[in-house]
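An overview of the molecular structure
Residues per chain, in single letters:
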Amino acid sequence: MHRPTPVPPTIVLVHGAFTDASSWARVISLLHAAGLTVRAPANPLRGLAQDAASIRSVVRDIDVPVVLVGHGYGGAVITQAASDADNVVALCYVAAFGLDAGECVLDITSRFAPVPVADATFTAALPAQIPGSPESELYIRKERFPQVYAADLSPSVNDVLSVAQRPIACGALTSRSGPPAWASKPSWYAIATADRTLNPTAQRFMAQRMAATEYVLDGSHAVVLSQPAAVVAMIREAAEQGNGRGDGDGLRQAF
């Protein structure tokens, strides 16, 4: 008697601060070529609870297993969004914040040596105040954007990214995380060794704390754009193991 063929997981990609879902464009193309279904919802970047609730609603509307992938601040969002999502079978972090219970983004960044982004950002008041909305947002200075965010991308690409950046509400950086989904779900982590936005040492600390399978990539914080094939290799491994077809050896990969 043949076992039914497992349904491939849907891959849900969650972008981080200073960008939008288009940052996943090259990753999406490769995942589609591999025959995988992909969702790349907008991450509001307004606050951890609100952002996690938004992504959680997307995941709950998917009636097949899900591999949830977060880049940068998007890692903090998937950590909270997947904590009570039974259909999430694996988590993938790409140069991302994998917070523990009670932690915030600034707790992690202040624990390790400062990176260039620390003095390359500025805050701006919202153009129009809406009751209950954040009062200020954080941007990367246009002239510093290539250095701190995407040093391994071309000047023409950086020109576009720097003027199209999505700011993050300042309050999102101090929002406290709830119980982490990585404590109960298998996790993978792509460490970007040339990252000048999130200290690579902090990335390794979070990866080891969650006992993640590590992929070590020689890339900037924009590694989802500069090394999409390596990022996709990690996601596909997570999808295969989450689907019960992986070898489960937990070996760490290096590129």
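Residue numbers here run from 1 along each chain, matching the order of that chain's written sequence. Only residues with pLDDT of at least 70 get local features here, since the model is predicted, and only at 80 or more are side-chain atom pairs given and counted; chain-wide, interface and lining totals rely on the full set of residues. The basis for every side-chain value is the complete set of heavy atoms in the structure, and neither hydrogens nor water enter the calculation.

1. Notes on the nonpolar core
Rules: Residues belong to one nonpolar core when they are buried, are Ala, Val, Leu, Ile, Met, Phe, Trp, Tyr or Cys, and are joined through side-chain atoms within 4.5 Å. The buried label goes to any residue with under 20% of its type's maximum accessible area, the exposed label to any with over 50%, and the partly exposed label to all in between, with areas taken from a 1.4 Å probe on protein chains only. Secondary structure elements follow DSSP: runs of H or I no shorter than four residues count as helices, runs of E no shorter than two count as strands, and numbering proceeds from the N terminus. Contacts are residue-level and defined by heavy atoms, with any inter-residue pair within 4.5 Å sufficient.
Counting 80 residues, the largest nonpolar core has Leu13, Leu68 and Tyr73 as its most contacted members. Here the element with the most residues in this core is helix H9 (residues 228-242); it accounts for seven residues. With near-sequence residues (within four places) excluded, Leu13 lies in contact with Trp24, Val27, Ile28, Leu31, Val38, Arg39, Ala40, Pro41, Val69 and Ile235.

2. Let's talk about the side chain of Arg56
To be explicit about the condition: As used in this structure description, the phrase polar contact means that two N or O atoms lie within 3.5 Å; if the pair is within protein, one of them must be able to donate a hydrogen and the other to accept it, and residues adjacent in sequence are counted only when both atoms belong to side chains.
Checked against the element boundaries, Arg56 lands in helix H2 (residues 48-60). Of the polar contacts made by the side chain of Arg56, one reaches the backbone oxygen of Gln80; its length is 3.3 Å. Beyond its immediate chain neighbours, meaning those up to four positions away, Arg56 contacts Gln80, Ala81 and Asp84.

3. Quick word on the pattern of salt bridges
This is how it is decided: Each salt bridge in this description consists of a side-chain nitrogen of Lys or Arg and a carboxyl oxygen of Asp or Glu lying within 4 Å of one another.
Applying the stated criterion across every chain yields a total of seven salt bridges. It is possible to trace a salt-bridge network through shared partners that takes in Arg56, Arg60 and Asp84.

4. Regarding the packing of aromatic side chains
Here is the rule we go by: Working definition: a ring pair exists when centres of Phe, Tyr or Trp rings (six-membered ring for Trp) sit within 6.5 Å. Plane angles under 30 degrees give stacked, over 60 give edge-to-face, the rest tilted.
A full pass over the atoms with the stated rule returns four aromatic pairs. Ring geometry for Tyr93 and Tyr189: centres 6.0 Å apart, planes at 10 degrees, overall stacked. One end of the pair, Tyr93, is in strand E4 (residues 88-94); the other, Tyr189, is in strand E8 (residues 187-192), with 96 residues separating them in the sequence. Assessed through its relative accessible area of 0%, Tyr189 is described here as buried. Residues Phe112 and Phe205 carry aromatic rings whose centres are separated by 5.6 Å and whose planes lie at 50 degrees to one another, so their mutual orientation is tilted.

5. Digging into the sheet that holds strand E5 (residues 121-125)
Quick reminder of the rule: Think of it this way: DSSP has to see at least two bridges between two strands before they count as a pair.
Reading across from one edge, E5-E6-E7 is the order of the three strands in this open sheet, with antiparallel pairing throughout. The open sheet terminates on both sides in strands that have one partner only, identified here as E5 and strand E7 (168-169). Note: strand E6 (residues 136-140) against E7, two bridges, orientation antiparallel. Within E7, the residue paired with Glu137 across the bridge is Ala169.

6. Considering the layout of surface pockets
To find the voids left in a structure, one rolls a probe of water-molecule size over its atoms. Inclusion rule: Within this scheme a cavity is a closed region of a 1 Å grid, computed over the protein atoms alone, that accommodates a 1.4 Å probe without allowing it to escape, whereas a pocket is open but has protein on both sides within 12 Å along at least five of seven lines; lining residues each have an atom within 4 Å of a point. Grid points are joined across faces, edges and corners, and a volume is the space filled by probe spheres set on the points.
In this structure, the largest pocket encloses a volume near 470 Å³. Phe97, Val105, Thr109, Val117 and Thr197 are, among the 26 residues lining the largest pocket, the residues nearest its centre. Ranked by the residues each element gives to the lining of the largest pocket, the list is headed by helix H4 (residues 105-111), at four residues.

7. As for the packing of helix H1 (residues 25-33) against H9
Stated precisely, the cut-off is as follows: Fitted lines through C-alpha atoms give the axes, limited to the stretch in contact for helices. The angle between two N-to-C directions lies from 0 to 180 degrees. Orientation is classified from the angle alone, with under 35 degrees giving roughly parallel, over 145 giving roughly antiparallel, 65 to 115 giving roughly perpendicular, and any other angle giving oblique. Less than a right angle of anticlockwise turn of the near helix away from the far helix marks a crossing as left-handed, whereas a clockwise turn marks it as right-handed. Following the grouping adopted for this structure description, the nonpolar residues are Ala, Val, Leu, Ile, Met, Phe, Trp, Tyr, Cys and Pro, the charged ones are Asp, Glu, Lys and Arg, and the polar ones are all others, Gly among them.
Between H1 and H9, the least distance of the axes is 9 Å, while the angle of their chain directions is 50 degrees. When the axis of H1 is compared with that of H9, the two are oblique. For H1 against H9, the interelement crossing comes out right-handed. For the pair H1 and H9, the contacting residues are Arg26, Val27, Leu30 and Leu31 in the first and Pro228, Ala229, Val231, Val232, Ile235 and Arg236 in the second. Partitioned by chemical class, the residues of the contact of H1 with H9 number eight nonpolar, no polar and two charged.

8. So, H9
Selection rule: Here the expected length of a helix is defined as 1.5 Å per residue gap, with one fewer gap than residues.
Taking 1.5 Å per residue as the helical rise, H9 with its 15 residues ought to reach 21 Å, and the 21 Å between its terminal C-alpha atoms agrees with that figure. Of all the positions in H9, only Pro228, Ala230, Val231, Val232, Met234, Ile235, Glu237, Ala238 and Ala239 are classed as buried.

9. Description of the environment of Val64
Looking at the secondary structure, you find Val64 in the loop between H2 and strand E3 (66-71). Taking the C-alpha atoms as reference points, Val64 and Val89, 25 residues apart in sequence, are found 10.0 Å from one another. What Val64 contacts, discounting residues up to four positions off in sequence, is Val7, Pro8, Thr10 and Asn87.

10. Details of helix H7 (residues 200-209)
Using the following cut-off: Relevant arc is that of directions from the helix axis to the C-beta atoms, nothing else.
For H7, the set of buried residues is Pro200, Ala202, Gln203, Met206 and Ala207. Here the buried residues of H7 occupy an arc of 155 degrees about the axis, which is enough to place them on one side. For H7, the elements touching its buried residues are H4, E8 and strand E9 (213-217). Between a side-chain oxygen at the N-terminus of H7 and the backbone nitrogen of Thr201 the separation is 2.8 Å; the capping residue is Asn199. Ala211 sits one or two positions beyond H7 and adopts a positive phi of about 55 degrees.

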